[in-house]
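Structural description and commentary
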Amino acid sequence: MKVVSLVGARPQFVKEAVVGKALDAKGIDEVLVHSGQHFDVNMSDVFFQTLHIRQPGFNLHVGSGTHGEMTGKIMVGFEKLLLDIKPDIVLVYGDTNTTLAGALVAAKLKIDTAHIEAGIRMQPKKMPEEINRVVVDSVADILFCPSKHAVNNLRKEGRIDNVHFTGDVMYDLFLMMKERFTFDVFNRLDLKKGQYVLLTLHRDYNVDDPDKLQKILEKLHRVSSDIQVVFPMHPRTRKRISEFQLEQYLKKLTIIEPCDYLNMMGLLTASWKVITDSGGLQKEAYFAGKECLVLMPDTGWVELVENKCSFLCNENNLELLVTKRSLRQHARLPDIYGKGDAARLIAETLMSL
Ligand code: UD1
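Residues numbered from 1 in each chain as written. Predicted model: local features only at pLDDT ≥ 70, side-chain atom pairs only at ≥ 80, totals over all residues. Heavy atoms only, no water.

1. Thoughts on helix α4 (residues 97–108)
With twelve residues, α4 extends 17 Å between its outermost C-alpha atoms, agreeing within 8% with the 16 Å of an ideal straight helix rising 1.5 Å per residue. The element α4 is extensively covered by neighbouring structure, given that nine of its twelve residues are classed as buried. Taken together, the buried positions of α4 are occupied by Asn 97, Thr 98, Thr 99, Leu 100, Ala 101, Gly 102, Ala 103, Val 105 and Ala 106. The elements touched by buried residues of α4 are β1 (2–7), α1 (10–25), α3 (67–85), β4 (89–93), β5 (112–116) and α5 (128–139). Structurally, the start of α4 carries an N-cap: the backbone nitrogen of Thr 98 is 3.1 Å from a side-chain oxygen of Thr 96. Lys 110 occupies a position one or two residues after α4 and carries a positive phi of about 60°. (Helix = DSSP H or I, 4+ residues; strand = E, 2+ residues; numbered from the N terminus. Expected span 1.5 Å × (residues − 1). Buried < 20%, exposed > 50% of the residue type's maximum accessible area, 1.4 Å probe, protein only. Contact = heavy atoms within 4.5 Å. Polar contact = N/O pair within 3.5 Å; in protein donor to acceptor, adjacent residues only side chain to side chain.)

2. Points about the environment of His 234
Locating His 234 in the fold gives a position in the loop between β9 (228–232) and α11 (235–243). In the structure, His 234 is positioned 33 residues away from Leu 201 in sequence and 7.2 Å away in space, judged by C-alpha atoms. Within polar-contact distance, the side chain of His 234 engages the backbone nitrogen of Arg 236 at 2.9 Å.

3. Overview of the packing of aromatic side chains
Summed over all chains, the structure comprises twelve aromatic pairs. Considering the side-chain rings of Phe 13 and Phe 48, the 5.0 Å spacing of their centres and the 55° angle between planes classify their relative orientation as tilted. Highlighted residues: Phe 13 in helix α1 and Phe 48 in helix α2 (residues 45–50), separated in sequence by 35 residues. Across the pair, Phe 48 and Phe 13 agree in class, each one buried. The interplanar angle of 75° and the centroid separation of 6.2 Å between the aromatic rings of Phe 181 and Tyr 261 together place this pair among those described as edge-to-face. With Phe 181 in the loop between α7 (169–177) and α8 (184–188) and Tyr 261 in helix α12 (residues 261–269), this residue pair connects regions lying 80 residues apart in the sequence. Taking the relative accessible area as the measure of exposure, Phe 181 reaches 9% and is therefore buried. Residue Tyr 261 is classed as buried on the basis of its relative accessible area of 3%. (Phe/Tyr/Trp six-rings, centres within 6.5 Å; stacked < 30°, edge-to-face > 60°.)

Quick look at the structure:
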């Protein structure tokens, strides 16, 4: 069986890190294609190096652009590759423009398409990530769901066949790498265990609107008088802050470059709390037993909010929620994201088809 996996952005590299190895273990031939959506060394190469991901057989080098440009360029390049490689199955991951482009091309070439992290839904519906998810799920043939909630979302939309609850491959990776989390960045910054908040912020929903971004940064500036805020800054956010001239609000934050997975998990496990708008970090905060403030009006990881492991917040109540000592003791929810064998289940399901 020949599988083509298409990746292109950070959250996809971490998923491929476990899925690729599970495919190898079952003797499935995988051709890895990188769209080039993320291209900086610390947004791409470091993940391949530190997680020992196989080097992509092909890189489409699409780089940045508008949504249309990026999606279109990936489609043109990926279609040529698929016509040449003729795989049995195409695997796409998550909710990025790379995911959308890959699923559309494969579906139109009538190649079976499998979506890893299917069924996640969230408001607002006009977010690029949400548009990508809904379209990808509607054209994909095989849907691998990270949670039961995702399975239910698909059922409500009438999707029942070929929907598989496997658990979340990011949980597999967290368990697999736990002993290897690194503390180089933690040590370099001379941080104190449990005495800082780890922040990430990159969704266009938060950073592309100057007023909203200013309000968020003002609050973070105030929070950082009480507690150190460590902020690995995404290039999109860096650009927007410079464009909107908001640098004055960064003075008290500890700004660093984006981190590789192992250092990021090191920073997470030693933090006090997390503030984020990233879907991935919300779950990783839960895996690490950390309270997480989700800077979004909604989340696809509903079970974490329902069980008070995560808390939705906005620029108005952020400060109050961060400085509250502890919102609730963190509860473990048995197997909500599977048993750490999602990648193996995905590989086995592909074999059985
Ligand atoms: C993308 C995904 C988002 C995912 C995120 C993870 C879409 C629509 N969004 O958002 O779902 O959560 O990746 O990080 O696909 N840039 C660089 N260097 C890089 C990568 C990006 O400088 O290596 C800059 C580019 O100039 C670009 C901006 O960051 O304009 C945003 O990058 P883009 O890939 O468009 O979206 P993300 O915000 O990264």
